[in-house]
Amino acid sequence: MKRTLFIILSLISTLLLPNYASAAAESRVALVIGNDDYQNIVKLEKAVNDANSVAAELRKVGFDVQVLNNVGQKKMNQAINEFVQRVSGGGVGVFFFAGHGLQINNQNFLVPVDMDTPKEADDVADQAISVPVLQDKLALAKAKYTLLVLDACRNNPLPKKAGRSIGTTRGLAMTNSPSGQTVLYSAGANQEALDSLGNSDKNPNGLFTREFLPMISQPGVSSTEALKKTRSMVIQKAKSVGHEQQPAIYDQSDGDFYFVSGPASATTLAATPSVAQGGTTMVVQAVDPKALELSFWDSIKDSKQPEDYQDYLSKYPDGQFAQLAKRRVVAVNQTVSRSSDATPNAVAPVASPPTQIAMGSPPPPAVNTGSASSPSIASKLEEQGKMNNLKVTDLRATKQNNLMRIQAEISNISSGNQQLYYRFKWLDRDGFTVWEEEPWKPMIVYGNQKQIINVVSPTFKATDFRLILQSPDSTSN
Amino acid sequence: MESILGTSHRTYVLTSILLVALAGCQTTSPTTGTSGVSYGDAKAVETVTTDLGSTDIQMISEKMTQGLIQTTEIQTLIKKRQLLMASPVQNKTSEYFDTKMITDTVLNQLSKNGVKYVIEADNMQNQTDELRRQTQSGLYDKTKQVKTGKMQGAKFRLDGSISSIIKKTADLKDVYYKMNFRLIDIETGVVEWSDEKEIRKSARR
């Protein structure tokens, strides 16, 4: 028997935690909702079981869990508001939903048990729980870390007539939140997610949940690792019964979350200055020269070769580790083997590898987690000719209220003022333009200074963009 | 001296070759006419004079659309199919231009996002003419004619003004434009949203 499911795993991190080993000290709360008993649309069988199993696992790893089964809109909203209250101000929260879900106008909705059979798209918006709204609420609550697991129907549970006008065949829309996130669908677009592996399969949980459950209590496994493992297991098991189900991961998170911290956590997590300052809403990676320096330093910090430190000093004569590097040169030359404990306290927290945020070193490395790695800045830019004096040093994109917000930082590396002409091209997820050609806009960037371009997409349809840049100093190629 | 003459000669020869080449091109393009008229890019940055130009209008309307579409008022307006209307933008600058260009563009861009708007006062004559023709002339089939008393009023109103400050010296002209835009709840008169766009243009004389 099949239950059509989709799972979004959405990972919102408003702050990258330096070390989750101390996670036990902060409040860990979870809201788990399972809806089987739908009154007006197709009932489900395993959603309540899935929710209860997940709740039990989360309790084991120290979460204060609230479980709700077969709840209507009012109760869901109440519980969500309470949950937001509980995680606000630096808490750690996990939200799990199993039940029906719908996509309307690029927006995902979780369906409460008391929803009427909708006649129009607006009916769903009025009666169901909007995922973007939930995400916005969580972002506003300033939680330290929030993980959203939405395990909901990927098919359209509505009658055919309504279904055609309301749902789309593409399943749920990929959701963007104001913070970094990971999204995992239990099945790819137009695929059905399996509930069981055949008639003899008596497992009370759906395929995805049963693979995801054991990951929660494994020490040292980050949530993104857990997702990837779950995904490969689901693909494998579905294939074994001749079914195609490929959970899709969309990862746009910077940090990582550990249900149970283990030996791996201390080394893989890094808080770099740029992240600690709150620059976590990255979709496109930011180029941070400091972080570049950091990764350079990181690669040589245990070196026994004085040349390595001299290389560092020649490149960053006033760098943050310059003093340290000078001392290291002396120390290594004197063959005093104390380089391993010479790291002063002030440097120690930032000396771990900055793998969690992607730096724009040429070529920029892909984000470490997820199959869909974040695209680099260059892929979002269309320079007309090669700009000699102007560089895009930071590019961020988030989705708020279904509109894309873009912020680009333009740096002028020359000492004179530079003229820049720019415009955006708005694209949908298939790469088609969804807006008319924008007018070119002039901008002055002062010598040796940075200028920020801040825009909002003029249409709800935009899911991607290109920034087109032209400067009179450009050399054509 | 000789060398200078030599280069100018070469340039002359080159130009004539180029001219021939261009003339050759012209026959293949689907144009007619020999005057110096050409079509340009309507979206290009226009820097002909410091007077308010197409780029200014485009930048103003773009910023206003982006600002408006983010407001909860416009988003619920789209969802609940409420109506919007635009009052004429007041031109407080010393130049003449049609301010309707700004509101029209803003309304067009909003309407592409699902905003419904009603006609403004200066288009009312055409509307009432047609309504009267259908309902009062007696010429129309009763089943195919529209009814009076069904027109819908807007919930929100766009309003705005554009002002300028011009400074001149013997060799420099500096113009500062400021467009102010507001979204007003018609019933209460409360300004729900407002934003402005500043533009500075200077020219050496």
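Quick caveat, the model's predicted, so the values are computed rather than measured. (Residues numbered from 1 in each chain as written. Chains lettered and ligands numbered in written order. Predicted model: local features only at pLDDT ≥ 70, side-chain atom pairs only at ≥ 80, totals over all residues.)

Colleague: Help me out: how do you make sense of the overall build of chain B in this one?
Modeller: Helix and strand counts for chain B come out as five helices and six strands. Each helix and strand of chain B, placed in order from N terminus to C terminus, yields the pattern α-α-α-β-β-α-β-α-β-β-β. A separation threshold of at least 6 residues defines the contact pool for chain B, and within that pool the share at least 24 residues apart is 66%. (Helix = DSSP H or I, 4+ residues; strand = E, 2+ residues; numbered from the N terminus. Contact = placed C-beta atoms within 7 Å.)

Colleague: Just to check I follow, could you spell out the overall build of chain A for this structure?
Modeller: A count of helical and extended segments in chain A gives 12 helices and 17 strands. Counting the 477 residues in chain A, one finds 48% classified as buried. Summarising the internal contacts of chain A: among those between residues at least 6 apart in sequence, 74% fall at separations of at least 24. (Buried ≥ 20, exposed ≤ 12 C-beta atoms within 10 Å, placed from the backbone.)

Colleague: Explain the interface of chain A and chain B to me, please; I cannot follow it from the model alone.
Modeller: The partner chain B presents 16 residues to the 16 residues of chain A that form the contact. Split by residue class, the side of chain A that touches chain B holds 10 nonpolar, two polar and four charged. (Nonpolar A, V, L, I, M, F, W, Y, C, P; charged D, E, K, R; others polar.)

Colleague: Got a minute to help me understand the confidence of the model for chain B in this structure?
Modeller: Detailed reading of predicted coordinates is not advised where the pLDDT is low. All names here are of chain B. Across chain B, pLDDT averages 85, with 87% of residues at or above 70. Long-range and interchain partners of residues 1-8, a stretch whose pLDDT sits below 50, account for zero contacts in this model, where long-range means more than four residues apart. Model confidence for the complex is summarised by a pTM of 0.46, with the ipTM given as 0.78. (pLDDT = per-residue confidence, 0-100.)

Colleague: How do you make sense of the pairing of strand β6 (residues 107-110) of chain A when you look at a structure like this?
Modeller: In summary, the side chains of a regular strand alternate between the two faces of the sheet. All names here are of chain A. Neither face of β6 is exposed, since Gln107 and Phe109 on one face and Asn108 and Leu110 on the opposite face are all buried. Pairing geometry for strand β5 (residues 101-104) and β6, over four bridges, is antiparallel. When the bridges of β6 are listed, glutamine 103 appears paired with asparagine 108. Bridge count for β6 against strand β7 (residues 129-130) is two bridges, and the pairing is antiparallel. The residue bridging phenylalanine 109 from the neighbouring strand is serine 130, located in β7. (Pairing = 2+ DSSP bridges.)

Colleague: Honestly, the nonpolar core in this entry has me stumped. Any pointers?
Modeller: Grouped burial of nonpolar side chains is what soluble globular proteins tend to show. Core analysis: the biggest nonpolar cluster contains 50 residues, and Ala51(A), Phe96(A), Phe109(A) and Leu110(A) have the highest contact counts within it. Every element with two or more residues in this core is listed here: β2 (28-34), α1 (47-60), α2 (73-87), β4 (92-99), β5, β6, α4 (131-140) and β8 (145-152) of chain A. With residues near it in sequence (within four places) discarded, Phe109(A) still touches Gly101(A), Leu102(A), Ile104(A), Val124(A), Ala128(A), Ile129(A), Ser130(A) and Val131(A). Residues Ile74(B), Val89(B), Phe156(B) and Val175(B) belong to the second largest nonpolar core, which totals 25 residues. (Core = buried A, V, L, I, M, F, W, Y, C linked by C-beta atoms within 7 Å.)

Colleague: What am I meant to see in the pairing of strand β12 (residues 390-400) of chain A here?
Modeller: In terms of strand pairing, β12(A) meets strand β13 (residues 403-412) of chain A through 10 bridges, oriented antiparallel. Looking at β13(A), one finds that Leu390(A) is bridged to Asn412(A).

Colleague: Where do I start with unusual backbone geometry in this structure?
Modeller: Across the chain, the bulk of peptide bonds are trans and the bulk of non-glycine residues have phi less than zero. Positive phi, normally seen in glycine, also occurs at Asn401(A), with a value near 50°. Tracing the sequence through the fold places Asn401(A) in the loop between β12 and β13. Note on Asn401(A): 17 C-beta atoms within 10 Å, which makes it partly exposed. The residue Arg81(B) is not glycine, and still its phi comes out positive at about 55°. Its location among the elements puts Arg81(B) in the loop between α3 (72-79) and β1 (83-86). Assessed through the 11 C-beta atoms surrounding it within 10 Å, Arg81(B) is described here as exposed.

Colleague: So what exactly am I meant to see when it comes to the sheet that holds strand β11 (residues 381-383) of chain A here?
Modeller: Backbone-to-backbone hydrogen bonds pair the strands of a sheet. The strands run either parallel or antiparallel. Residues and elements named next belong to chain A. Spatial strand order, β11-β17-β14-β15: four strands in an open sheet with mixed pairing. The strands lining the two open edges of the sheet, one partner per strand, are β11 and β15 (441-445). Between one strand axis and the next, the sheet turns by 30° as a mean value, whatever way the strands run. The pairing of strand β14 (residues 418-427) with β15 spans five bridges and is classified as antiparallel. Residue pairing for β15: glutamine 418 is matched across the bridge by valine 445. (Axes fitted to C-alpha atoms, helices over the stretch in contact; angles between N-to-C directions.)

Colleague: Help me understand helix α5 (residues 124-136) of chain B, please; the structure alone is not making it clear to me.
Modeller: Along an α-helix, a turn takes 3.6 residues, which lines up residues three or four apart on a common side. Residue and element names in this part refer to chain B. In this model α5 runs 17 Å from its N-terminal to its C-terminal C-alpha over 13 residues, within 8% of the 18 Å that 1.5 Å per residue would give. Taken across its 13 residues, α5 has zero buried, putting it largely on the surface. Looking one or two residues past α5, glycine 138 carries a phi angle of roughly 75°, positive in sign. (Expected span 1.5 Å × (residues − 1).)

Colleague: Help me understand the confidence of the model for chain A, please; the structure alone is not making it clear to me.
Modeller: All names here are of chain A. Overall, the prediction assigns chain A a mean pLDDT of 70, with 67% of residues at 70 or greater. Long-range and interchain partners of residues 160-171, a stretch whose pLDDT sits below 50, account for 23 contacts in this model, where long-range means more than four residues apart. In this model, residues 336-374 is a region of pLDDT below 50 whose contacts with residues beyond four sequence positions or in other chains number 87 contacts.

Colleague: I would appreciate a short explanation of the environment of Gln136(B) in the present structure.
Modeller: Its place among the elements puts Gln136(B) in helix α5. Distance in space between the C-alpha atoms of Gln136(B) and Thr148(B) is 10.0 Å, their sequence separation being 12 residues.

Colleague: Quick question: what am I supposed to make of the environment of Tyr117(B) here?
Modeller: Residue and element names in this part refer to chain B. Note that tyrosine 117 resides in strand β3 (residues 116-117). Owing to 19 C-beta atoms within 10 Å, tyrosine 117 belongs among the partly exposed residues under this scheme. Remark: the alpha-carbon pair of tyrosine 117 and leucine 84, spanning 33 residues in sequence, is separated by 4.4 Å. Ignoring sequence-local partners within four residues, the contact set of tyrosine 117 consists of Leu83, Leu84, Met85, Ala86, Leu107 and Ser111.

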